[in-house]
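Okay, here's what each chain looks like letter by letter:
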Amino acid sequence: MKEGLPMIRLDAINDLRRHTASQGDAVRAAVARVVDSGWFILGRELQSFEAEFAAYCGSPHCIGVANGTDALELALRACGVGPGGRVLTVANAGAYSTTAIHAAGGEPVYVDVDDDTLLVDEAELRRRLDGEPVAALIVTHLYGRLVPGIDAISRAARRARVPLIEDCAQAHGARLGGRMAGSFGDVGCFSFYPTKNLGALGDGGALVTGSAELGEQLRMLRQYGWAGKYRIERAGGRNSRLDEMQAAVLRAKLPMLDGWNERRRDIARRFSGGIRQPKLRCPRHFGEDCVAHLYVVRTAERRSLQAHLRARGIASDIHYPLPDYRQPAFAAGPGSVNPVAERACDEVLTLPCFPEMTDDEVAAVVDAVNAW
Ligand SMILES: *Cc1c(COP(=O)(O)O)cnc(C)c1O
């Protein structure tokens, strides 16, 4: 590891020749195809990608948008969340849902997370669903793992008549009993930011839904509220489209996603199998419901571990350092403190975990952590 180990290598993941001979240089070919076509917005590439991604997710409808945060915002609007609408979410997932809730005019209400998974606490969530007026619920499949009990949460939300939005920006391809991330709720939201498990060459996002009506609303919302050209029938519309270039690139990469996810799980398993370090808590769950977007350990001595890794040329990062309600721009009253999320923000550290890591690099990370 003479050059050191970064958090991710995007040049490698976008060179599909490295992954399969038959794909050739499919990413460059996709870009060239769009350049030559002379058509850049809402065209055949997007239509095809939407059909292909819908099929992959096992959802009847897919709507491409400009990024994952827009997907969450438009999902909230399509589900009828407006001024004052209270939306249940978690505080340890990077504030994307909070940003979207504010953009839609709603008010985030934070539910604490489970100390083992750092995903929303199912029992607490169901209690809150029954106990207070709620306009919508955003469930985040953080670090690539489907929220345990997502099936039961989905049934509880339906009973309470509360729309369920899944944030799948870290969970492309995660599945449970044959059902895919994004197909449990009313709407599933995806980001194709370059570092995600399925990444574009820039920003990108999509929604999937089983509801033709929600799909129709979302198509209007992503383009000014238009029912047809220059006719605005839906208030709250935006310009948020997934362009042809990104759609074409995503089509080239989608067939690789399951293989990449398998390699991520494999790396995560090797980490947890190899790390012997009493000062660390490591993930222990690597089923099909986990696509190992981020490999996150916990320690009360995070700074020391991070410095130790840095000295050995190994990058690390923190996902995420601040609960949403402590962000300076959104600061709420002390009533909203979530103790488990709060402590997680002080203890989490993400180690490099991406499909192109070599076995030697994986072993070097294990050795470095054990030598701490
Ligand atoms: C990346 C991410 C988003 C936002 O996606 P963008 O495309 O960057 O707007 C939303 N939620 C989660 C959990 C994410 O990791």
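Up top you'll find the structure we're talking about.
Predicted model, so just to flag it, every value in this text is computed and none were measured.

A closer look at the overall build of the protein chain
- Of the regular secondary structure elements, the protein chain holds 13 helices and 13 strands.
- In terms of overall size, the protein chain behaves like a compact globule, its C-alpha atoms giving a radius of gyration of 20 Å where 372 residues would be expected to give roughly 21 Å.
- Along the longest, intermediate and shortest principal axes, the C-alpha atoms of the protein chain span 65 × 55 × 40 Å.
- Across the 372 residues in the protein chain, those meeting the buried criterion constitute 56%.
- Pairs at least 24 apart in sequence give 68% of the contacts found in the protein chain among residues at least 6 apart.

With respect to the site of the ligand
- In the neighbourhood of the ligand, the contacting residues comprise N67, G68, T69, Y96, T140, D167, A169, Q170, S191, K196 and Y320.
- The contact in question runs from an oxygen atom of the ligand to an N or O atom on the side chain of Q170, over 2.8 Å.
- Note that an oxygen atom of the ligand is positioned 2.7 Å from one of the side-chain N or O atoms of S191.
- Contact with the protein chains covers 93% of the free accessible surface of the ligand, which is 380 Å².
- Among the residues forming the shell around the ligand, the class breakdown is 3 nonpolar, 6 polar and 2 charged.

Some remarks on the environment of R175
- As for its placement among the helices and strands, R175 is situated in strand β6 (residues 175-176).
- As for R175 and Q217, which are separated by 42 residues in sequence, their C-alpha atoms are 27 Å apart.
- Aside from chain neighbours lying at most four places away, what touches R175 is Y56, L146, M180, D258, E288 and D289.
- Looking at R175, its side chain comes within polar contact range of the main-chain oxygen of G173, at 3.1 Å.
- At 2.7 Å, the side chain of R175 forms a polar contact with the side chain of D258.

The rules we used
Residues numbered from 1 in each chain as written. Predicted model: local features only at pLDDT ≥ 70, side-chain atom pairs only at ≥ 80, totals over all residues. Heavy atoms only, no water. Helix = DSSP H or I, 4+ residues; strand = E, 2+ residues; numbered from the N terminus. Rg over C-alpha atoms; globule rule 2.2 N^0.38 Å. Buried < 20%, exposed > 50% of the residue type's maximum accessible area, 1.4 Å probe, protein only. Contact = heavy atoms within 4.5 Å. Near = heavy atom within 4 Å. Polar contact = N/O pair within 3.5 Å; in protein donor to acceptor, adjacent residues only side chain to side chain. Areas by Shrake-Rupley, 256 points an atom, 1.4 Å probe, with all protein chains shown as cover. Nonpolar A, V, L, I, M, F, W, Y, C, P; charged D, E, K, R; others polar.

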